[in-house]
Amino acid sequence: MFPLKESQPPTGIHRTWWKESNIYQIYPSSFQSHSPNSPTGTIRGITSRLSYIQSLGTDTVWLCPILASPQIDMGYDISDYRDIHEGYGTMEDHDELIRELHARKMKYVMDLVVNHTSDQHEWFKKSRSSRGKGNEYRDWYIWRPAKYDKDGQRQPPNNWLSYFGGSAWQWDAMTQEYYLHLFAPSQPDLNWENPSVVSAVHSMIRFWLDRGVDGFRMDVINFISKEPGLPNAPVSDPTSPWQSPIALHSCGPRLHEFLQGIGTILKEYDAFSVGEMPGVGDEKEVMKSVGQEREELNMIFHFELVSIDGQTQDKFLPRNWTLQELKGIISKWQAMMLRNHGWNALYLENHDQPRSISRFASDAPEYRKFSAKMLATFLALQSGTPYIYQGQEIGQINVPRSWALDKYRDIETLNHWRDKVLVEYAEDKEFQDIMLREYRKKGRDNGRTPMQWDGKSRNAGFTGEETQPWMDVHPDYTEWNVENQINDPDSVFSYWKTVLALRKELKDIFVYGDFEMLDPEGEQSVAFIRSADERNKALVVMSFKDYETEWRVPEGATSFLQCPVKLKNYEDEPQSRQGGGAEGGGSSAMILRPFEALVYVSSGGNSD
């Protein structure tokens, strides 16, 4: 869609540690318990696995929230910004984790959740204690009086839809006003228009940086500035009284002011930042956030690719997508960042997304390993910093099709079923079956099953055999686990290790090089060129199909076929043919087997 030609190499891009880093994301509840009696993972459990994480080739660790929380939304509802959740451990455990990471020359990224708090936070308890003018905390959150309809019935201040369903406003009987919660009612939104809130957040950021944190992943950070007046959202779903307000809070008028305030602090500490920014696709707004001269964020997570299989008004409504769409999204974001000196955060999985093998390729037994390796190639060799989510490196997949809803734990999925499906489609069994299939495809629980360490113990080495984990372990752990893969040179783990090492070895090409998508309209494969200069470049080719396909090599790329194959996910050599075909002539074609991945490298010497 927006290819960068070899004659237009990216120039002026600063070289930094976080661009060259390979980042490993941990979901603490599901990673590793140090105690045989704990149903959840712990910080000491994470510390015990740092050598494993480092052996993969990752050098930065990002932890999902580990701060004090009632865990209504798995830690994204923080009740104390300066304490550790007791189920995960203590402040001393956390300090030890930082020391052990730094002893290994590794970096630590903490999850920063400052769009909202828990309703159990002292700030909110004080805020809802009274409406009186003497309550200095009242304005720390967003409170509004009720509206009344023609029948005198109390109504919320506007029509905003919560991301977890229903109105984004909760009535508080004690003070007789509504408060805003873009997520659960137990997650009230902070009022960033109040300078006291901004000051408190800045103080908290310094607190953790002073304790050794190297940077932050910032949860829905673009939501902190809302449209003044909080007007009604435009109607996108005529069947519902509640409408998506994302256009009114995804990039408010003071967003960049707030981000620069945080960025100024981070610069003092040479700290890193990655922002989660749903709903922001405008190039100018994106580049204001991540342009290297702006000093706001280092990079952002965009949602365009991971929204490809859902509908705008409801991600669980099915949508068919094409490989042409996928390539268009990749090309757009690659070109946007390289052209404007920004940087991409590359991910296919995280705690809010399903497993990529099940979503973008095939988890059928005969294709699972090939799919995992192909997607590793696809992710790690684009321009940007790759994020590897726990279990992705061993090919974990979505929850079994046989699991009923009683095994699910995620508030988003369970609320959708209870408040939407069973209410609006109570008699429509066909629609209910569709939704159950979509939960299995896209629900957040798919990425939250416990890490599979071994195939022998009842809970896969995650916790003690006599303990019931907070969420069931995937039953395929007996075959798909770390113990089986870590010393197997043909395993998914070993392949990930190889591709991450290749990215570091050839960083002029794969970290800082140009990007050009080939065959943007093709529907069977993805191919792109990464280039440092005319002599140092690579061709990356991947099949996204479960059958043999033929890819016609563009004229400008045929010379790569004379280069060595640097990486492949089939043992035997790649197949190709000359000439033939309707478009034949003397052109070359590659015969791609199901989910095959190939990397050809042309290296003429040091490009520095």
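Residues numbered from 1 in each chain as written. Predicted model: local features only at pLDDT ≥ 70, side-chain atom pairs only at ≥ 80, totals over all residues. Heavy atoms only, no water.

### Section: the pattern of salt bridges
Using the following cut-off: By convention in these notes, a salt bridge is any Lys or Arg side-chain nitrogen within 4 Å of a carboxyl oxygen on Asp or Glu. A run of H or I in DSSP counts as a helix once it spans at least four residues, and a run of E counts as a strand once it spans at least two, with each numbered from the N terminus. Partly exposed residues are those whose accessible area sits between 20% and 50% of the maximum for their type, while under 20% is buried and over 50% is exposed, using a 1.4 Å probe and protein chains only.
Scanning the entire structure with this criterion turns up 47 salt bridges. Of the charged contacts, one joins glutamate 122 and lysine 125 as a salt bridge, the two residues approaching to 3.6 Å between their closest N and O atoms. One end of the pair, glutamate 122, and the other, lysine 125, are both in helix α5 (residues 122-127), three residues apart, so they sit about a helical turn from each other. A relative accessible area of 38% places lysine 125 in the partly exposed class. With a shortest N-O distance of 3.5 Å, arginine 448 and aspartate 410 are connected by a salt bridge. Placement of arginine 448 in the loop between α14 (429-442) and α15 (482-485) and of aspartate 410 in the loop between β17 (385-389) and α13 (411-424) is noted, with a sequence separation of 38 residues between them. Both residues of the pair, arginine 448 and aspartate 410, belong to the buried class. Several salt bridges converge on common partners, so that one network encompasses Asp73, Lys315, Asp352, Asp410, Glu412, Arg444 and Arg448.

### Let's talk about the packing of α13 against α14
Our working definition: Lines fitted to C-alpha atoms define the axes, with helix axes restricted to the stretch in contact, and inter-axis angles between N-to-C directions lie between 0 and 180 degrees. Oblique is the label for every angle not falling under 35 degrees (roughly parallel), over 145 degrees (roughly antiparallel), or within 65 to 115 degrees (roughly perpendicular). The sense of a crossing depends on the near helix, which, turned anticlockwise from the far helix by less than a right angle, makes the crossing left-handed and, turned clockwise, makes it right-handed. Contacts are assigned to residue pairs with any non-hydrogen atoms lying within 4.5 Å of each other. Note on residue categories: nonpolar means Ala, Val, Leu, Ile, Met, Phe, Trp, Tyr, Cys or Pro, charged means Asp, Glu, Lys or Arg, and polar means any other residue, Gly included.
The N-to-C vectors of α13 and α14 enclose an angle of 165°; their axes lie 12 Å apart at closest approach. Considering their axes alone, α13 and α14 lie roughly antiparallel with respect to each other. In this structure, the crossing between α13 and α14 has a hand that is right-handed. Packed against α13, whose contacting residues are Thr413, His416, Trp417, Val421 and Leu422, the element α14 presents Phe431, Gln432, Met435, Leu436 and Tyr439 at the interface. A breakdown of the residues in the contact of α13 with α14 according to their chemical character gives seven nonpolar, three polar and no charged.

### Overview of the sheet that holds strand β12 (residues 272-276)
Cut-off, in case you're wondering: Only when DSSP finds a minimum of two bridges between them are two strands counted as paired.
Sheet architecture is open: eight strands sit in the order β13-β12-β11-β5-β2-β1-β17-β16, paired in parallel fashion. Of all strands in the sheet, those bounded by a partner on one side alone are β13 (299-301) and β16 (345-346). Strand direction decides the pairing type here: strand β11 (residues 215-218) and β12, joined by four bridges, are parallel. Each residue of the ladder has a partner; that of arginine 217, found in β12, is valine 274.

### Some details on the sheet that holds strand β20 (residues 536-543)
Whenever strands of a sheet pair, they do so through backbone hydrogen bonds, lying parallel or antiparallel. The five strands lie next to each other as β18-β19-β20-β25-β22, forming an open sheet whose pairing is antiparallel. A single partner strand is all that each edge strand has here, and the edge strands are β18 (514-518) and β22 (565-568). Averaged over all pairs of adjacent strands, the angle between their axes in this sheet comes to 15°, without regard to strand direction. Strand direction decides the pairing type here: β18 and strand β19 (residues 525-531), joined by five bridges, are antiparallel. Bridge pairing in β19 places leucine 518 opposite alanine 527. Across the sheet, helix α12 (residues 368-380) touches β19, β20, β22 and β25 (597-603), and the angle it forms with β20 is around 140°.

### Re the UniProt feature "domain: Glycosyl hydrolase family 13 catalytic" (unreviewed entry) in the protein chain
To keep things clear, this is the line we draw: UniProt positions are given in the numbering used here, feature names are shortened, and annotations may be inferred rather than shown by experiment.
What UniProt calls "domain: Glycosyl hydrolase family 13 catalytic" (unreviewed entry) maps, in this numbering, to residues 25-448. End-to-end, the C-alpha atoms of residues 25-448 are 12 Å apart, and along that stretch the chain is 33% helix and 14% strand.

### Quick notes on unusual backbone geometry
For valine 220, which is not glycine, the phi torsion reads 30° and is therefore positive. Locating valine 220 in the fold gives a position in the loop between β11 and α7 (246-249). At aspartate 270, a position not held by glycine, the phi torsion is positive, near 50°.

### A look at the packing of helix α6 (residues 195-210) against helix α8 (residues 255-268)
The packing of two helices is summarised by the inter-axis angle and the distance between the axes. At a closest axis distance of 11 Å, the pairing of α6 and α8 adopts a crossing angle of 25°. As summarised for this structure, α6 and α8 are arranged roughly parallel, according to the angle between their axes. Handedness of the α6/α8 crossing: right-handed. Where α6 approaches α8, its residues Val198, His202, Ile205, Arg206 and Leu209 are matched on the opposing element by Phe258, Gly261, Ile262, Ile265, Leu266 and Glu268. Its residues placed into classes, the contact of α6 with α8 shows seven nonpolar, two polar and two charged.

### Re the packing of aromatic side chains
Here is the rule: Working definition: a ring pair exists when centres of Phe, Tyr or Trp rings (six-membered ring for Trp) sit within 6.5 Å. Plane angles under 30 degrees give stacked, over 60 give edge-to-face, the rest tilted. Note on geometry: a ring has a charge over it if NZ (lysine) or CZ (arginine) is within 6 Å of the ring centre and within 35 degrees of the ring normal.
This structure, assessed with the given rule, holds 33 aromatic pairs. Ring geometry for tryptophan 17 against phenylalanine 272: centres 5.9 Å apart, planes inclined by 55°, an arrangement best described as tilted. Placement of the pair is tryptophan 17 in helix α1 (residues 17-20) and phenylalanine 272 in strand β12, with a sequence separation of 255 residues. Each residue in the set Tyr24, Phe31, Tyr52, Trp453 and Phe493 is aromatic and connected to the rest through ring pairs, giving one cluster. The ring of tryptophan 480 has arginine 368 sitting right over it, with the charged end atom 3.9 Å from the ring centre. We note arginine 593 situated over the ring of tyrosine 570; from NZ or CZ to the ring centre the distance is 4.4 Å.

### What about empty space enclosed by the protein?
Filter applied, for reference: In the cavity and pocket records, a cavity denotes points on a 1 Å grid over the protein atoms alone where a 1.4 Å probe fits but cannot get out, a pocket denotes an open set with protein on both sides within 12 Å along at least 5 of 7 lines, and lining residues are residues with an atom within 4 Å of a point. Grid points are joined across faces, edges and corners, and a volume is the space filled by probe spheres set on the points.
Tallied over the entire structure, the rule returns three cavities of 30 Å³ or more. For the largest cavity, the lining is made up of 15 residues, of which His302, Leu305, Ile330, Leu346 and Gln382 are closest to its centre. Looking at the lining of the largest cavity, the elements that each hand over two or more residues are α10 (323-340), β16 and α12. At four residues, α10 tops the list of elements feeding residues into the lining of the largest cavity. Split into classes, the residues belonging to the lining of the largest cavity amount to 11 nonpolar, four polar and no charged. If you add up the space inside the second largest cavity, you get close to 50 Å³.

### Brief notes about the layout of surface pockets
Of the voids in this model, the second largest pocket is the one considered here, and its volume is about 730 Å³. For the second largest pocket, the lining is made up of 31 residues, of which Asp309, Ser358, Arg359, Glu438 and Lys441 are closest to its centre. Elements that contribute at least two residues to the lining of the second largest pocket include exactly α11 (356-360) and α14. When residues of the lining of the second largest pocket are assigned to their parent elements, the largest contribution, eight residues, is made by α14. Grouping the constituent residues of the lining of the second largest pocket by class yields 14 nonpolar, five polar and 12 charged.

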